[in-house]
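# Descriptive structure summary
Letter by letter, the chains look like this.
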Amino acid sequence: MAFRSPMVLLGLFLLCRMLSNVQSAPIKITRETFRECRRGQWAGIPADCCPPKTIDGPIIDFSPPKLNPSKPLRVRKALQCLSGKELRTYTKKLQKGYRLMRALPDTDPRSYARQYGIHCAYATGSFIQDGSNNLTIDVHVGWYFHPWHRAYVYFHEKILQKLLNDTEFSLHYWNYDNTNSLDKNEALHDGGCYKSGLYFPPMYNDPTKATFQWNRSERAFDPKRPADLAFDGTRYNISLGPPSFPDNLTLAQIIWRNNELMHRTFLTWGNSTIAFMGKEYREGDPQALGIANGAGMQEKYSHTSMHCYVGGKMFEPKSAPEDPVFFPFHANLERLWDVWLSLGDDHRNPTSSDWLDGEFLLWDENAVMNRFRVRDFLSAEALGYTYQKANVDSWVNFDTSSPYPES
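One structure accompanies this document, and this report is about it. (Residues numbered from 1 in each chain as written. Predicted model: local features only at pLDDT ≥ 70, side-chain atom pairs only at ≥ 80, totals over all residues. Heavy atoms only, no water.)

### A few points about the pattern of salt bridges
Per the counting criterion, the structure on display carries 23 salt bridges. Measuring nitrogen to oxygen at the nearest pair gives 3.0 Å for the salt bridge that ties D228 to R257. With D228 in the loop between α6 (184-190) and α7 (251-268) and R257 in helix α7, this pair connects stretches of sequence that are 29 residues apart. A salt bridge links D354 to R282; the nearest nitrogen and oxygen atoms lie 2.5 Å apart. (Salt bridge = Lys/Arg side-chain N within 4 Å of Asp/Glu carboxyl O. Helix = DSSP H or I, 4+ residues; strand = E, 2+ residues; numbered from the N terminus.)

### Considering the side chain of E334
Here E334 lies in helix α10 (residues 326-341). We classify E334 as buried; its relative accessible area is 4%. Here the side chain of E334 touches R76 through a polar contact of 3.3 Å, side chain to side chain. If near-sequence neighbours (up to four positions away) are discounted, E334 is found in contact with R76, R150, A380, Y385 and Y387. (Buried < 20%, exposed > 50% of the residue type's maximum accessible area, 1.4 Å probe, protein only. Polar contact = N/O pair within 3.5 Å; in protein donor to acceptor, adjacent residues only side chain to side chain. Contact = heavy atoms within 4.5 Å.)

### Overview of the state of the cysteines
Inspection of every chain in the model, using the stated rule, returns 3 disulfides. The residue that forms a disulfide with C37 is C50, at a sulfur-sulfur distance of 2.0 Å. Taking the sign of the S-S torsion, -90° for the link of C37 and C50, the bridge is left-handed. Here the residue C37 occupies a position in the loop between α2 (31-35) and β1 (40-42), and C50 occupies one in the loop between β2 (45-47) and β3 (59-61), the gap between them amounting to 13 residues. Here C37 falls in the buried class, since its relative accessible area comes to 4%. Across the disulfide, C81 is cross-linked to C193 (sulfur-sulfur distance 2.0 Å). (Disulfide = S-S within 2.5 Å.)

### Some thoughts on the environment of A320
Mapped onto the fold, A320 is located in the loop between α9 (297-310) and α10. We classify A320 as buried; its relative accessible area is 0%. Setting aside chain neighbours within four positions, we find A320 in contact with H307, K313, M314 and F326.

### With respect to the sheet that holds β3
Taken in spatial order, the 3 strands line up as β3-β6-β5 in an open sheet, and their pairing is mixed. Each edge of the open sheet is held by one strand with a lone partner, namely β3 and β5 (359-363). Each neighbouring strand pair of the sheet contributes to a mean axis angle of 35°, computed without reference to strand direction. Relative to strand β6 (residues 369-373), β3 is paired through 3 bridges, and the arrangement is parallel. Residue I59 lies in a different strand from β6, and its bridge partner there is M369. Here helix α5 (residues 145-164) sits on the sheet in contact with β5 and β6, set at roughly 20° to β5. (Pairing = 2+ DSSP bridges. Axes fitted to C-alpha atoms, helices over the stretch in contact; angles between N-to-C directions.)

### Topic: the side chain of S394
Its location among the elements puts S394 in helix α12 (residues 393-396). By relative accessible area, S394 is classed as buried at 12%. Contacts of S394, omitting those with residues within four sequence positions, involve D177, N178, T179, N180 and N259.

### Thoughts on the environment of A47
As for its placement among the helices and strands, A47 is situated in strand β2. Each C-alpha atom of the pair A47 and A121 lies 8.1 Å from the other, and the pair is 74 residues apart in sequence. Here A47 is in contact with R39, G40, Q41, C120, T124, S126 and K318, once residues within four sequence places are set aside.

### Side note on the packing of α9 against α10
When two helices pack together, their arrangement is captured by the angle between the axes and the distance separating the axes. Where α9 meets α10, the axes come as close as 12 Å, and the angle between the chain directions of the two elements is 155°. Between α9 and α10, the interaxial angle falls into the category roughly antiparallel. Relative to α10, α9 is oriented so that their crossing is right-handed. Note on element contacts: α10 touches α9 through F326, F329, H330, L333, L336 and W337, opposite Q298, H303, M306 and H307. (Parallel < 35°, antiparallel > 145°, perpendicular 65-115°, else oblique. Left-handed = near helix turned anticlockwise from the far one by under 90°.)

Shown next as structure tokens:
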């Protein structure tokens, strides 16, 4: 048997002891996390957005709704395919809901100010990991991005339902990834939406309504300006100001760019769990700073590009939900998460308990604090809703070797 010196053996023993004591654990938000909330920052810009440090009342464990198997699920529809009476009715309800939400006092956690404020706290390192002095928390740039935002939009939608006294109200989605309008007969056949969603939803651009946000880029106010998804989020630099988008592209060129970007991020670059969902992020890990340092493919590219495209409040994570268009935009990101899962055997959610048991706190429609886990928000159907089918063939089947259109 080979001889090892006592010092070598002692070193091996200490190494084994050290490795055996390393235990991973999920990120968890608690009452203590709220009590210790502090001034955060995003890209060096201070963010004072802590919720009240004392959570009034109980914290209840979230429980998915009990569904009636004989009742159809609510359907979130593609905004661009609403028309006629359905469009008028939905627009009126949507704008009423935000009018009522904005009228709530800021002391009410369901108020619009508190709704966008809590996102700011979760997005700027305002929360720190319990027992830590400096390990800040961010639900962006990592694997909690998709489930946390699904929960955020879900509770926001529930608050609107409560204010409207309408449990069937849904936050329909902005289907900006659908670049091509297909034959109407196909849409009539399966009830899907096959109309291009490239343009900013008009119902969010009426300056007399509560769904309006004046602080946007001029792109959002131009009804003929198509969304451009091809901004490279890894080049996102706040010190340089809002990024510029090319003004001289034809519609055909923007469609090519968008389809190519969506195809690559979902089917080439994003063809594994971590690549699409983002960097693993556990208790004891430092916050990833900058989307190039851990964001998944959807968060890094089309998500960041659309935030920059709309601009204004939407440009910065600390203020993005101050623009109500944030919510149909993120409803589509959530739908696209489900689309990604359907596109290949390698497209799977993480299975680690450090992801599944991540715990967060958000207020519900009754102003009661809910403790929810990632595993509670893996399925839209389990939450009582589904998505209208929409065209994804234009980018799923896109030939990336096809020539770029000439001007």
